[in-house]
Amino acid sequence: GYSSRPGADEVPADEEWRRVRLGVGTVRRLAPGMTVSVDTFRSEVAAKAVETFGPLVVNDISAGELDPAMLSVVADCGVPYIAMHMKGDPKTMQSQTDYRRDIVTEVVGYFRRTDEMLAAGIRRENIILDPGFGFAKTTEQNYELLAGLHRLCALGYPVLAGLSRKSMIYKVLDATPAESLAGTVALGWECLRQGAAILRVHDVREAVDTVKLFNMFRQ
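This write-up is about the structure you can find in this document. The structure presented is a predicted model; accordingly, all values stated were derived computationally and were not measured.

Within this structure, the stated rule accounts for two cavities of 30 Å³ or more. If you add up the space inside the largest cavity, you get close to 110 Å³. Together, 16 residues line the largest cavity, and Thr184, Gly188, Leu199, Val201 and Ala207 are the ones closest to its centre. Going through the elements one at a time, helix 9 (181-194) and helix 10 (204-218) are the ones with two or more residues in the lining of the largest cavity. A breakdown of the residues in the lining of the largest cavity according to their chemical character gives eight nonpolar, five polar and three charged.

This is the structure:
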């Protein structure tokens, strides 16, 4: 309902909800039992989605920082909550890549605020952490974060890695997003190796194959 790509324009809350309602409504009609994730940092959109369509996953690129009511709404709804690391908002985030410490330490330290999520009433088993590859991070910082992903996984929460076809891949390869499948698979394997529990991808079959092969390798 509200693109989170770098530089994306703001979308009014009523327009965001209109888009989300149409999208989730279509999925519910075509596949009633499918798990659905709603990508929003607005508590009112999250609340309306759960009220209208029943339990779903709330994916918040701001981890509750852009809307202070989000944590209590998620707690009241009792749904899984993906909290992502970012600075600023989609319009400004790529101008906010300066950090006082190395990026891994910054991201791990940021997620100490899971204490706030627990205090708001979100159940521990419903919290999923997303390091936010590509959000307020340079290409170099993305790879530093990838190299230290195990430190985030060590916090004990499921970690979601979303780097499919992102600029950290295609810029290095001097390619296009459409030409970045092999790079996505390679880095997805590395995320799994370091302990990531979820891969957010565009190419589902290839990702499933990667997970199957990784599980066989690990066994």
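Given two aromatic rings, one states the distance between the centres and the angle between the planes to describe the pair. What the rule picks out here adds up to five aromatic pairs. Ring geometry for Trp17 versus Phe53: centroids 6.5 Å apart, planes at 50 degrees, classification tilted. In this pair, Trp17 sits in helix 1 (residues 13-30) while Phe53 sits in helix 2 (residues 43-53), placing the two residues 36 residues apart along the sequence. A single burial state applies to Trp17 and to Phe53, both of which are buried. Look at Tyr110 and Phe111: their rings are 5.2 Å apart centre to centre, the planes differ by 80 degrees, and that puts the pair in the edge-to-face class. Judged by its relative accessible area of 14%, Tyr110 is buried. Taken together, Trp189, Phe214 and Phe217 form an aromatic cluster joined through their ring pairs. In this arrangement the basic side chain of Arg113 is found over the ring face of Tyr110, its NZ or CZ atom lying 5.6 Å from the centre.

Our next topic: the layout of surface pockets. Of the volumes computed, that of the largest pocket is approximately 880 Å³. Considering the residues around the largest pocket, the lining is formed by 36 residues, among which Gly162, Ser164, Lys166, Arg200 and His202 are closest to the centre. Of all the secondary-structure elements, those providing two or more residues to the lining of the largest pocket are helix 6 (139-147), helix 8 (167-170), strand 6 (198-199) and helix 10. The element that contributes the greatest number of residues to the lining of the largest pocket is helix 10, accounting for four residues. The space that makes up the second largest pocket amounts to roughly 150 Å³. What lines the second largest pocket is Ser37, Val57, Asn59, Ile82, Leu160, Ile198 and Arg200. In terms of residue class, the lining of the second largest pocket is made up of four nonpolar, two polar and one charged.

Across a sheet, strands are paired by hydrogen bonds formed along the backbone, either parallel or antiparallel in direction. Read across the sheet, four strands follow the order 1-2-3-4 without closing on themselves; strand pairing throughout is parallel. Looking at the sheet topology across the chains shown, the edges are occupied by strand 1 (37-39) and strand 4 (127-130). Geometrically, the sheet is characterised by an average inter-axis angle of 20 degrees between neighbouring strands, direction not taken into account. When strand 2 (residues 57-60) meets strand 3 (residues 81-84), the two strands line up parallel, connected through three bridges. Its bridge partner lying in strand 3, Val58 is registered against Tyr81.

Time to look at the side chain of Gln141. The topology assignment puts Gln141 in helix 6. Apart from residues no more than four positions distant in its own chain, Gln141 is found in contact with Thr97, Tyr99, Ile103 and Ala136.

Calculation rules
Residues numbered from 1 in each chain as written. Predicted model: local features only at pLDDT ≥ 70, side-chain atom pairs only at ≥ 80, totals over all residues. Heavy atoms only, no water. 1 Å grid on protein atoms, 1.4 Å probe; cavity = no way out; pocket = protein on both sides within 12 Å on 5 of 7 lines; lining within 4 Å. Points joined across faces, edges and corners; volume = space filled by probe spheres on them. Helix = DSSP H or I, 4+ residues; strand = E, 2+ residues; numbered from the N terminus. Nonpolar A, V, L, I, M, F, W, Y, C, P; charged D, E, K, R; others polar. Phe/Tyr/Trp six-rings, centres within 6.5 Å; stacked < 30°, edge-to-face > 60°. Buried < 20%, exposed > 50% of the residue type's maximum accessible area, 1.4 Å probe, protein only. Lys NZ or Arg CZ within 6 Å of the ring centre and 35° of its normal. Pairing = 2+ DSSP bridges. Axes fitted to C-alpha atoms, helices over the stretch in contact; angles between N-to-C directions. Contact = heavy atoms within 4.5 Å.

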